[in-house]
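Next come the chains, spelled out residue by residue.
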Amino acid sequence: LDRGDHAAHHGLAQAVAGIDADQVVAIGASAAGAGVGGKGGAGDHGIDHAHDAHRDRSVLDGPFLLGVLGDGVVAGLLGLVQGGDVWMNTPRRPNEASGTSGMKAAMNGVLNFSILDGWWREGYNGRNGWAIGEDSDPTDGDQRDAADAESMYDILEHQIIPLYYDRTPDNVPVKWMAMVKETLRTLVPQFSMRRMLHDYMVQLYLPAMEGSKARKK
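What comes next is a walk through the structure. (Residues numbered from 1 in each chain as written. Predicted model: local features only at pLDDT ≥ 70, side-chain atom pairs only at ≥ 80, totals over all residues. Heavy atoms only, no water.)

A few words now on the overall build of the chain. Looking only at helices and strands, the chain has nine helices and five strands in total. Element order for the chain, N to C, with α for helix and β for strand: α-α-β-α-β-α-β-α-β-α-β-α-α-α. Put simply, the chain has 217 residues, and 38% of those count as buried. Of all intrachain contacts in the chain linking residues separated by at least 6 positions in sequence, the fraction that spans at least 24 positions is 67%. Per element, the accessible surface of the chain, about 12100 Å² overall, is 55% carbon and sulfur. (Helix = DSSP H or I, 4+ residues; strand = E, 2+ residues; numbered from the N terminus. Buried < 20%, exposed > 50% of the residue type's maximum accessible area, 1.4 Å probe, protein only. Contact = heavy atoms within 4.5 Å. Areas by Shrake-Rupley, 256 points an atom, 1.4 Å probe, with all protein chains shown as cover.)

Set out below in structure tokens:
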């Protein structure tokens, strides 16, 4: 779970950080786990809830594993993006920042499971990951958080986890790997440094230069 660095991420992230361990374990059947990380913004107490849950072993009794990375912790992030299966990002629309963590995860074959905002609204095609909630701006933040949390649990239970454990007799997750290949095919070429430099040049720098020339005339 990538909580981002904006206070507006705190709503759903706080609900997720105060994880319903029983529900997640029930969904995961035999094992489940989550890593919570990111720098919280002002008034964002989601990471505190995650730390409380991590300390309270009774909350996590059973096969549920929760890892917490505090503000500014970068050690081990390489392992997360290389060894993870799903990258979840939960901003409140329309407050997504840059989304580079999800792009980086995709480059490592990790499937994104995120709110349809920012880069993921552009990159998601229904076959390269999963979308949390509806593609609309919230009219009421708390109601939207609750609806998004319900969507998150539903997709985990009925789509992500069953697909992950759908394997051949040789233990190969063929359908999962098809989504990974779709992620690499569609997202890696689309979200790159080359694309960023091109967009900055064409959409910002060149028009600014032309505008400056026009003013000088």
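Looking now at the pairing of strand β4 (residues 111-115). Of all five residues in β4, five are buried, a share of seventy percent or more. Pairing between strand β3 (residues 86-89) and β4: four bridges, direction parallel. Residue valine 86 lies in a different strand from β4, and its bridge partner there is leucine 111. Following the chain from β3 across helix α5 (residues 100-107) to the adjacent parallel β4, one finds a crossover that is right-handed. With four bridges joining them, β4 and strand β5 (residues 129-132) adopt parallel strand pairing. (Pairing = 2+ DSSP bridges. Right-handed = clockwise from strand over helix to strand, strands pointing away.)

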